[in-house]
Amino acid sequence: MLELKEVRGALLGEACGDALGYPLIHLSQEKILSIFGQFGLRLLVRTKKSISKSAPVTELTQLMLSTVDGLLWSDAKKIDVTEGVYKGYMRWYYGQTGEEPRRGQKSWMRRQSHEHEICLIHKKFMHERREGDEDCLNALSSVKRGTKKHKLNDSESSSVLTRAIPVGLLYSDDFKLAFEKAVEIAYLTHSSDIAVLSAGTLAALVSLSVSGSSIPKALETIYEFLNKVDNSDSIISLLSAAQEQSVKHPAGKGGSWDYIDSINSLGSGEKANEALAMAVFCFMTIDDPFEAVIAAANHGGNSSAVASITGALEGIRHGEKFLPNYWTDMLEGRDSIELLAEKFCHMCEKRILRK
């Protein structure tokens, strides 16, 4: 059964990876070396846009937490999970834009009856506008909700991925259901096959990992499943390439930069299938979970996306203990993440017991 240490590890690992990668998003490898030295950036740092003494997270973490918020809402109100998550996303949207809620949605911004301990929308860091590709905001501005039939865009952005992590945790006993629900939720903001199927694949990977499968075994199961899913070839191809690159590196040897060519060979991380493959490579190749997240952040691509996914996978395997205090002590929203993790774990446990 899913344990609290896995939930805390996944959510805190994602957030720490996101915060580590945030200052590096637009920096080339040469620029990273020039600014942070030969070992790259290894600390969570404040940026000029920080509103506090904390290291800021991006929309990746904000939307991952909004997904947890929506799943908790769906459980409390006994509604479909995608309906609950949509409410969570619209809360985030209004907090980001300052727009007046639409007719029938004003009550969503209020504290709900199940939010005695924490109301995420009232947390200041959730309203901060951070680095993003605008895909999610633009999609949520549509009056009509995104679905498989109602397509909103052709975005392949990796911003869709981290929201699949809580879905994989919730359905840790059924990777196919995790895939299905993550895809359904991904359609709320993304319409391309690469984006939604990559989100589903990550949810399935998380589900299988929690249930005890090694990553190679989990990938074997996922390939067999994806082979029956239309338009999934690019995802299978990049994940297979990540595995092949991993085999070329002796486990646990070398510094972070020794893996840069392999990481770069998988893409920039801007597309969802690239970021997923890059994170899987770092997770499979580097024995030390801390160093895996470091390597996932220190490259010239989308550092936040790759490092956040790597951090979540490492958190599932090791719990939060692999995260140094000098990271978690600096992390923006840490108290909220820990409280949400506890509430969410309890919800997941109830779901299993009800089956």
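See the structure shown above.
Residues numbered from 1 in each chain as written. Predicted model: local features only at pLDDT ≥ 70, side-chain atom pairs only at ≥ 80, totals over all residues. Heavy atoms only, no water.

1. A look at the overall build of the protein
On a plain count of helices and strands, the protein comes out with 16 helices and zero strands. The C-alpha atoms of the protein give a radius of gyration of 19 Å, which matches the 20 Å a tight globule of 355 residues would have. The C-alpha extent of the protein, read off along each of the three principal axes, is 55 × 45 × 35 Å. By element, 49% of the accessible surface of the protein is carried by carbon and sulfur atoms, the whole surface being about 14200 Å². Taking the average place of the 42 positive charges on the side chains of the protein and the average place of its 46 negative ones, the gap between the two points comes to 6 Å. (Helix = DSSP H or I, 4+ residues; strand = E, 2+ residues; numbered from the N terminus. Rg over C-alpha atoms; globule rule 2.2 N^0.38 Å. Areas by Shrake-Rupley, 256 points an atom, 1.4 Å probe, with all protein chains shown as cover. Lys, Arg positive; Asp, Glu negative; His and termini not counted. Charge placed at Lys NZ, Arg CZ, Asp CG, Glu CD.)

2. Structural notes on the packing of aromatic side chains
Scanning all chains against the criterion turns up six aromatic pairs. On the basis of an interplanar angle of 40° and a centroid distance of 4.9 Å, the ring pair of phenylalanine 290 and tryptophan 327 is categorised as tilted. In this pair, phenylalanine 290 sits in helix 13 (residues 289-297) while tryptophan 327 sits in helix 15 (residues 325-328), placing the two residues 37 residues apart along the sequence. On the basis of relative accessible area, phenylalanine 290 is assigned to the buried category, the value being 13%. Stacked on the ring of tyrosine 86, the Lys or Arg arginine 145 has its end atom at 4.1 Å from the ring centre. (Phe/Tyr/Trp six-rings, centres within 6.5 Å; stacked < 30°, edge-to-face > 60°. Buried < 20%, exposed > 50% of the residue type's maximum accessible area, 1.4 Å probe, protein only. Lys NZ or Arg CZ within 6 Å of the ring centre and 35° of its normal.)

3. Examining the environment of threonine 47
Mapped onto the fold, threonine 47 is located in the loop between helix 2 (29-36) and helix 3 (59-77). Of the residues examined, threonine 47 reaches a relative accessible area of 21% and is grouped as partly exposed. Considered as a pair, threonine 47 and proline 23 are 24 residues apart in the sequence and their alpha carbons are 7.0 Å apart. Contacts of threonine 47, omitting those with residues within four sequence positions, involve Tyr22, Pro23 and Pro56. (Contact = heavy atoms within 4.5 Å.)

4. Some remarks on empty space enclosed by the protein
Empty space among the atoms becomes visible once a probe the size of a water molecule is rolled across them. Taken as a whole and assessed by the stated rule, the structure comprises three cavities of 30 Å³ or more. As a volume, the largest cavity reaches approximately 40 Å³. Lining the largest cavity are Asp69, Leu72, His114, Glu115, Ile118, Leu120, Leu340 and Lys343. Listing elements by their share of the lining of the largest cavity, those giving two or more residues are helix 3 and helix 16 (334-354). Residues belonging to the lining of the largest cavity are distributed by class as follows: four nonpolar, one polar and three charged. (1 Å grid on protein atoms, 1.4 Å probe; cavity = no way out; pocket = protein on both sides within 12 Å on 5 of 7 lines; lining within 4 Å. Points joined across faces, edges and corners; volume = space filled by probe spheres on them. Nonpolar A, V, L, I, M, F, W, Y, C, P; charged D, E, K, R; others polar.)

5. Some details on the nonpolar core
In a soluble, globular protein the nonpolar side chains are often hidden away together inside. The biggest cluster of nonpolar side chains holds 125 residues, and the ones touching the most others in it are Leu169, Trp327, Leu331 and Phe344. Of the residues forming this core, the biggest block, 12 residues, is contributed by helix 8 (residues 193-210). Setting aside chain neighbours within four positions, we find phenylalanine 344 in contact with Val7, Val68, Leu71, Leu72, Pro166, Leu169 and Leu170. (Core = buried A, V, L, I, M, F, W, Y, C linked by side-chain atoms within 4.5 Å.)

6. Things to note about the packing of helix 8 against helix 9 (residues 215-226)
For the pair helix 8 and helix 9, interaxial distance at closest approach is 10 Å and the crossing angle is 135°. Taken as axis vectors, helix 8 and helix 9 run oblique relative to one another. Here helix 8 runs over helix 9; the crossing is right-handed. For the pair helix 8 and helix 9, the contacting residues are Thr201, Ala204, Leu205, Leu208 and Ser209 in the first and Ile215, Ala218, Leu219, Thr221, Ile222 and Leu226 in the second. Here the contact of helix 8 with helix 9 is composed, by residue class, of eight nonpolar, three polar and no charged. (Axes fitted to C-alpha atoms, helices over the stretch in contact; angles between N-to-C directions. Parallel < 35°, antiparallel > 145°, perpendicular 65-115°, else oblique. Left-handed = near helix turned anticlockwise from the far one by under 90°.)

7. Regarding helix 16
Over its 21 residues, helix 16 runs 30 Å from end to end, which matches the ideal 30 Å to within 8%, given 1.5 Å per residue. Within helix 16, the full set of buried residues consists of Ser336, Ile337, Glu338, Leu340, Ala341, Lys343, Phe344, Cys345, Met347, Cys348 and Arg351. In this structure, the buried residues of helix 16 make contact with helix 1 (4-21), helix 3, helix 6 (164-170) and helix 7 (175-186). (Expected span 1.5 Å × (residues − 1).)

8. So, the side chain of arginine 163
Relative to the assigned elements, arginine 163 resides in the loop between helix 5 (135-140) and helix 6. Of note is the side chain of arginine 163, whose polar atom sits 2.9 Å from the side chain of threonine 189. A polar contact of 3.5 Å, which involves the side chain of arginine 163, links it to the side chain of histidine 190. In contact with arginine 163, not counting residues within four places along its chain, are Leu63, Met64, Thr67, Tyr89, Cys136, Thr189 and His190. (Polar contact = N/O pair within 3.5 Å; in protein donor to acceptor, adjacent residues only side chain to side chain.)

9. Section: unusual backbone geometry
Its identity as a non-glycine residue notwithstanding, lysine 78 has a phi of 55°, on the positive side. Its location among the elements puts lysine 78 in the loop between helix 3 and helix 4 (81-97). For lysine 78, a relative accessible area of 62% puts it in the exposed group. For asparagine 231, which is not glycine, the phi dihedral falls at a positive 65°. With respect to the helices, strands and loops of the structure, asparagine 231 is situated in the loop between helix 9 and helix 10 (233-247). The class for asparagine 231 is exposed, based on a relative accessible area of 52%.

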